[in-house]
Amino acid sequence: ENKEKDLLINFSITVSNKQFEEDFNEALLKYASEIKLPGFRQGKVPLEVIKSRYKEAIQEEVVNKVVEKAFFEKIETDKIKIISRPEIKKIDYKEGKDITADIEVEVFPNVDVPYLETLEVKIPADQLKVEDYDETKQIDKVLEAHKRQVPVNRAINENDYVMLKLQSKILQTKRMTPRKSTYFLVNKNESFEIPDFVKEVIGKSINDNLTVRRSYPEDYKKKPWAGKEIEHYITIESVSEWVKPALDKEFLKSIGFEDEESFKSKLKEEYHQAKKQQTDDKKMKHIVDNLCETIAFPLPRGMVEHEVSRMLS
């Protein structure tokens, strides 16, 4: 059963031919004041000339305008709580006759809220448990977040950051690609255009040259290499490692603190604030989940589309 259909209201509206004629004549006069035609000055084109040329276009414009005005008047009069813009399903218009139109609109659902005074929400205690403050651990997190690259002059280890000069040759055609510099994090979980490259560079040093040959499958992600055997020529240009800063005056000043005591005090305060917020969020999630189980109602498509649009933006 599609409960979304329960939120769709269909109704018909009627616009009198008299009302249409009044709006049509008003639109005709507006066109007459603005339109330019060869042989006539602006604003001096006879109404009959405008009507003979633009009658159908003006009729279509006025029909849509009066229908829209009529259905919004009905929505306001009947106090229909709409979610999104009404959809005109059908318009029946014949010259000299009243206009009728079939309208479909999505409305807000009726929500029966339970008696909240007796609504009980149980949250397992272990889900609200707050981990004791560990100063050493929290300081290390801050230092870890402020790691920086420092050049080193040694053999490459795992998790080093290296700059490579890379050039490749397609063996079938002997064509060489342009030389380029590229960065590479020496970690087996990091993707790189040359497969299994970590094992090739570990133990190498600055200015070392190496040649690597690979055969690539037909469906390889890098299209120029797909289905080809490639020889890669690599030079190690630099090696860096990630280093955590020392907890000294220079570092503390760089993050806005005059001394270690004020830094540690603020760190503890922010930890407890963050944990309180996490606890409040968990409580609210349990409350919302409980309400969602208790209160069942169809979710309007218009609200879903609006929220998706907001998230995308």
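Heads up: the structure comes first, above all this text.
Everything in this summary refers to the structure shown in the same document. Remember, it's a predicted structure, so these values are computed and weren't measured experimentally. (Residues numbered from 1 in each chain as written. Predicted model: local features only at pLDDT ≥ 70, side-chain atom pairs only at ≥ 80, totals over all residues. Heavy atoms only, no water.)

### Quick look at the pairing of strand E9 (residues 229-243)
Right, so step 1: Note that strand E4 (residues 148-151) and E9 share four bridges and pair antiparallel. Looking at E9, one finds that Pro151 is bridged to Ser240.
Right, so step 2: Where strand E5 (residues 161-170) and E9 come together, 10 bridges link them in antiparallel fashion. If you follow Val162 over to E9, its bridge partner there is Val239. (Pairing = 2+ DSSP bridges. Helix = DSSP H or I, 4+ residues; strand = E, 2+ residues; numbered from the N terminus.)

### Quick notes on unusual backbone geometry
The general pattern is negative phi for most residues beyond glycine and trans for most peptide bonds.
Right, so step 1: Positive phi, normally seen in glycine, also occurs at Lys79, with a value near 55 degrees.
Right, so step 2: Here Lys79 shows up in the loop between helix H2 (47-77) and strand E2 (87-92).
Right, so step 3: Not every positive phi belongs to a glycine, and Asn207 is a case in point at roughly 75 degrees.
Right, so step 4: Mapped onto the elements, Asn207 comes out in the loop between helix H4 (198-201) and strand E8 (209-215).
Right, so step 5: When its relative accessible area of 58% is taken as the criterion, Asn207 is described as exposed. (Buried < 20%, exposed > 50% of the residue type's maximum accessible area, 1.4 Å probe, protein only.)

### Description of the packing of aromatic side chains
Right, so step 1: For the structure on display, the rule yields 13 aromatic pairs.
Right, so step 2: Ring centres of Phe184 and Phe192 lie 4.6 Å apart, and the angle between their planes is 45 degrees; this geometry places the pair in the tilted category. As far as burial versus exposure is concerned, Phe184 and Phe192 are alike and both buried.
Right, so step 3: Pairwise contacts between aromatic rings join Phe20, Phe24 and Tyr93 into one cluster.
Right, so step 4: The ring of Phe11 has Lys74 sitting right over it, with the charged end atom 5.4 Å from the ring centre.
Right, so step 5: It is Lys222 that lies over the ring of Trp225; its NZ or CZ is 4.1 Å from the centre. (Phe/Tyr/Trp six-rings, centres within 6.5 Å; stacked < 30°, edge-to-face > 60°. Lys NZ or Arg CZ within 6 Å of the ring centre and 35° of its normal.)

### A look at the pattern of salt bridges
Right, so step 1: Considering all chains together, one arrives at 26 salt bridges under this definition.
Right, so step 2: Glu104 serves as the salt-bridge partner of Lys89, at 3.9 Å between the closest nitrogen and oxygen. Residue Lys89 is located in strand E2, and its partner Glu104 is located in strand E3 (residues 99-106); the two are separated by 15 residues in the primary sequence.
Right, so step 3: Because the salt bridges share partners, they merge into one network encompassing Asp140, Glu144, Lys147 and Lys244. (Salt bridge = Lys/Arg side-chain N within 4 Å of Asp/Glu carboxyl O.)

### Considering the nonpolar core
Right, so step 1: Core analysis: the biggest nonpolar cluster contains 26 residues, and Phe11, Ile13 and Val67 have the highest contact counts within it.
Right, so step 2: Secondary structure elements with two or more residues in this core: strand E1 (8-15), helix H1 (17-34), H2 and E3.
Right, so step 3: For this core, the leading source of residues is H2, giving nine residues.
Right, so step 4: Aside from chain neighbours lying at most four places away, what touches Phe11 is Phe71, Lys74, Ile75, Ile80, Ala101, Asp102, Ile103 and Val105. (Core = buried A, V, L, I, M, F, W, Y, C linked by side-chain atoms within 4.5 Å. Contact = heavy atoms within 4.5 Å.)

### Things to note about the sheet that holds E3
Through backbone hydrogen bonds, the strands of a sheet pair up, either in parallel or in antiparallel fashion.
Right, so step 1: Read from one edge of the open sheet, three strands run E1-E3-E2, paired in antiparallel fashion. Either end of the sheet is taken by a strand with one partner, and the two such strands are E1 and E2. When strand polarity is set aside, the average angle formed by the axes of neighbouring strands in this sheet is 20 degrees.
Right, so step 2: Both E2 and E3 contribute to a ladder of five bridges, which runs antiparallel. (Axes fitted to C-alpha atoms, helices over the stretch in contact; angles between N-to-C directions.)

### Focus on helix H6 (residues 260-294)
Right, so step 1: With 35 residues, H6 should cover 51 Å at 1.5 Å per step; its first-to-last C-alpha distance of 51 Å lies within 8% of that length.
Right, so step 2: Those residues of H6 lying buried are Phe263, Leu267, Tyr271, Lys275, Thr279 and Asn290.
Right, so step 3: On the buried face of H6, the contacting elements are helix H3 (135-145) and helix H5 (249-254).
Right, so step 4: Where H6 starts, the residue carrying a side-chain oxygen 3.2 Å from the main-chain nitrogen of Glu261 turns out to be Asp259. (Expected span 1.5 Å × (residues − 1). Polar contact = N/O pair within 3.5 Å; in protein donor to acceptor, adjacent residues only side chain to side chain.)

### Describing H2
Right, so step 1: In this model H2 runs just 37 Å from its N-terminal to its C-terminal C-alpha over 31 residues, more than 12% under the 45 Å that 1.5 Å per residue would give.
Right, so step 2: At Tyr54, H2 shows its maximal bend, which comes to roughly 80 degrees.
Right, so step 3: Within the sequence span of H2, burial applies to Ile50, Ile58, Gln59, Val62, Val63, Val66, Val67, Ala70, Phe71 and Ile75.
Right, so step 4: Each element contacted by the buried residues of H2 is listed here: E1, H1, E2 and E3.
Right, so step 5: Once H2 finishes, Lys79 follows within two positions and takes phi at roughly 55 degrees, a positive value. (Bend = angle between axes of the 7 residues up to and from the residue.)

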